[in-house]
Structure formats: structure tokens, C-alpha cells
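# Structural description and commentary
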Amino acid sequence: MGTAKRQPWVVGVSGASGTPYAASVIRALLAAGEAVDLIVSRAARLTILDETGISFRDAHWRTDLARWLGTAEGLDDVRYWSAGDFAAGPSSGSYPAKGMLVVPATTGAVAGIALGLSKDLLQRVASVTLKERRPLVVCVRETPLNGVTLKHLLELDTQGAVVLPASPGFYAGGSTVRELVDFVAGRVLDAVDVPHSLYLRWEGELGAAARKPGGGDAARAEGE
Ligand SMILES: Cc1cc2nc3c(=O)[nH]c(=O)nc-3n(C[C@H](O)[C@H](O)[C@H](O)COP(=O)(O)O)c2cc1C
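In this report, we go over the structure that sits alongside the text. Counting starts from 1 at the beginning of each chain's written sequence and moves along it residue by residue. Only residues with pLDDT of at least 70 are given local features in this predicted model, and only at 80 or more are side-chain atom pairs given and counted; all residues enter the totals for whole chains, interfaces and linings.

The packing of two helices is summarised by the inter-axis angle and the distance between the axes. Two elements in contact, helix α4 (residues 107–115) and helix α5 (residues 121–131), have axes separated by 9 Å at closest approach and are oriented at 45°. The orientation of α4 relative to α5 falls into the category oblique. Seen along the crossing, α4 lies across α5 with a hand that is right-handed. Of the residues in α5, those touching α4 at Ala109, Gly112 and Ile113 are Leu122, Gln123, Ala126 and Ser127. Class assignment for the residues of the contact of α4 with α5 results in four nonpolar, three polar and no charged. Note on method: axes are straight lines fitted to C-alpha atoms, helices fitted across the in-contact stretch only, with angles between N-to-C directions ranging 0 to 180 degrees. Every helix listed is a DSSP run of H or I at least four residues long, and every strand listed is a run of E at least two residues long, numbered separately from the N terminus. Our angle categories are set so that under 35 degrees counts as roughly parallel, over 145 as roughly antiparallel, 65 to 115 as roughly perpendicular, and the remainder as oblique. A clockwise turn of the near helix away from the far one marks a right-handed crossing, whereas an anticlockwise turn of less than a right angle marks a left-handed crossing. Contact definition: two residues whose C-beta atoms, as placed from backbone geometry, lie within 7 Å. Note that Gly is not counted as nonpolar here; it falls among the polar residues with everything else outside the nonpolar set of Ala, Val, Leu, Ile, Met, Phe, Trp, Tyr, Cys and Pro and the charged set of Asp, Glu, Lys and Arg.

Here it is in C-alpha cells:
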């Protein structure tokens, strides 16, 4: 008998600041046993280079991804598609993707997805995800937001996407950059029901996260 059908999450990385959010989401998906199809926009190569020093190359994506994630573990479950490859698997609704996470999302990607432009593979797959009524999470990163982007975000919400600003909450006790990044990544995974332990959930008690071991400045100060 055949093996189980591979059903990946497509992760689209566009050229907004916040590439650590994408790295955290990819690591957490793989840790949860999920398969990942990765698309990196042309502009995202610049942000990855700027924020990590890594030149992300189509021909050497596995090596570059391992450096970016800080681990080669789980990369057998990753497929990579070039942003210019409109013949890529996920560009068709018949490809068995579970859905798509655009993280981080530029205002340009937000516009292109809202208007159905499909100017590159990332935008095409987002359009396919919407037409197939699969989950689409758009983790927008820009501040402040102009009126046009606000309209595009409302349009995405109307079409059924989850608009999830890269906006960390502080109630989970995080104080390091990594913890705040993981909070946003955790909310992205929450939106598609993928289990993770990226942040401490709110349990209805003020200050509880800060009092947990390793949770927040207060806990650290107590230990000093
Ligand atoms: C270092 C750097 C940081 C950027 N940060 C953002 C950002 O946070 N948000 C955004 O919307 N655009 C940002 N941009 C601009 C986008 O990369 C640009 O609009 C690009 O055309 C987006 O293309 P894409 O959506 O295909 O990735 C940034 C560009 C660079 C070079």
C-alpha cells in the first residue's frame, strides 16, 4: 500500500522586516511534524540578507535554510519553490496543501493578495488558497499603516483570511527578542490549530506568566 499523502503548509516569506517570525514559524511547524512548502519572494532575499547576513539562494536553499533556522533537523519535510516558478505545485488548487501562512507579509503582498494580482508565486498561491477556501494567515508587518493598506486588510478579512499583525503581546511574560518573536509565531500557529509551546498562554490570572520559572522580568529579578 502507498504511504500517507503529504499535505504541507505553504509558508510564504515576503520582503518585510521580521524574517525571525518566519524562521520561528517554520521551526515550529516542523517540530509539530507538519510538512512545509517554502516560497521566498525576491524582496525577502534582501530582508533575510539584511537581518541575518545570509544570502538565500534557489540553488542552495537547503544549506541556506539550515543556516537561517539554526538547524538542519526536519528539513527533509521541506520543499522549496522559487518565487518566479508559476508551474510550482502549490500554484494549482489540485495540489494538496493544507493552507498558507504569509509571514512576514509586506503591504505590497497584502495589496497583491487582496486584489488577486498573482504577481509572483507567493501571491498566486495565496489567491489559490482563498479560492479553495483553505486557511490563509497574513502576518502583516508595517507601521504606521496607510489607508490603502487598511482597506486591503479589510478586504482580506472579508475574503476569509486571518489578518494577524506582527504585534507581540507582553502578557505571556516574554522579555527577550526571541520570546517576543515566538509569541507572534505562536499566534500564527494558533490560527491554524497547529500545536506548539512557543509562549505561555493566558490562564486568567494577572501576572501569572511573569511568576513562572523563566517567565518575564519579575521572575528573573526574583532569582537574582
Ligand atoms: C530591509 C527592508 C525592509 C523592509 N521592510 C518592510 C516592511 O516591514 N514592511 C513592508 O511592507 N515593506 C518593507 N520593505 C519593502 C518591501 O520589501 C517592498 O515593498 C517589496 O516590493 C515587497 O515585495 P514582496 O511583497 O514581493 O516581498 C522592506 C524593504 C527592505 C529592503
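Now for the pairing of strand β1 (residues 9–13). Burial in this document is a count-based property: other C-beta atoms within 10 Å of a residue's C-beta are tallied, and the residue is buried at 20 or more, exposed at 12 or fewer, or partly exposed in between, with C-beta positions derived from the backbone. Burial runs high along β1: five of the five residues are buried. Side chains of β1 alternate between two faces, with Trp9, Val11 and Val13 and Val10 and Gly12 buried alike. DSSP bridges decide pairing: two strands pair if at least two such bridges lie between them. Two elements, β1 and strand β2 (residues 36–40), share five bridges in a ladder whose sense is parallel. The partner of Val11 across the bridge, within β2, is Leu38. In this region the chain leaves β1, passes through helix α1 (residues 19–31) and returns to the parallel neighbour β2; the handedness of that crossover is right-handed. One ladder, built from four bridges, connects β1 with strand β4 (residues 99–105); its direction is parallel. Bridge assignment links Gly12 to a residue of β4, and that residue is Val102. Here is how to tell: hold the view so the strands point away, follow the path from the first strand over the helix to the second, and if it runs clockwise the crossover is right-handed.

Note that every value here comes from positions in space, so none of it alone points to a role or purpose.
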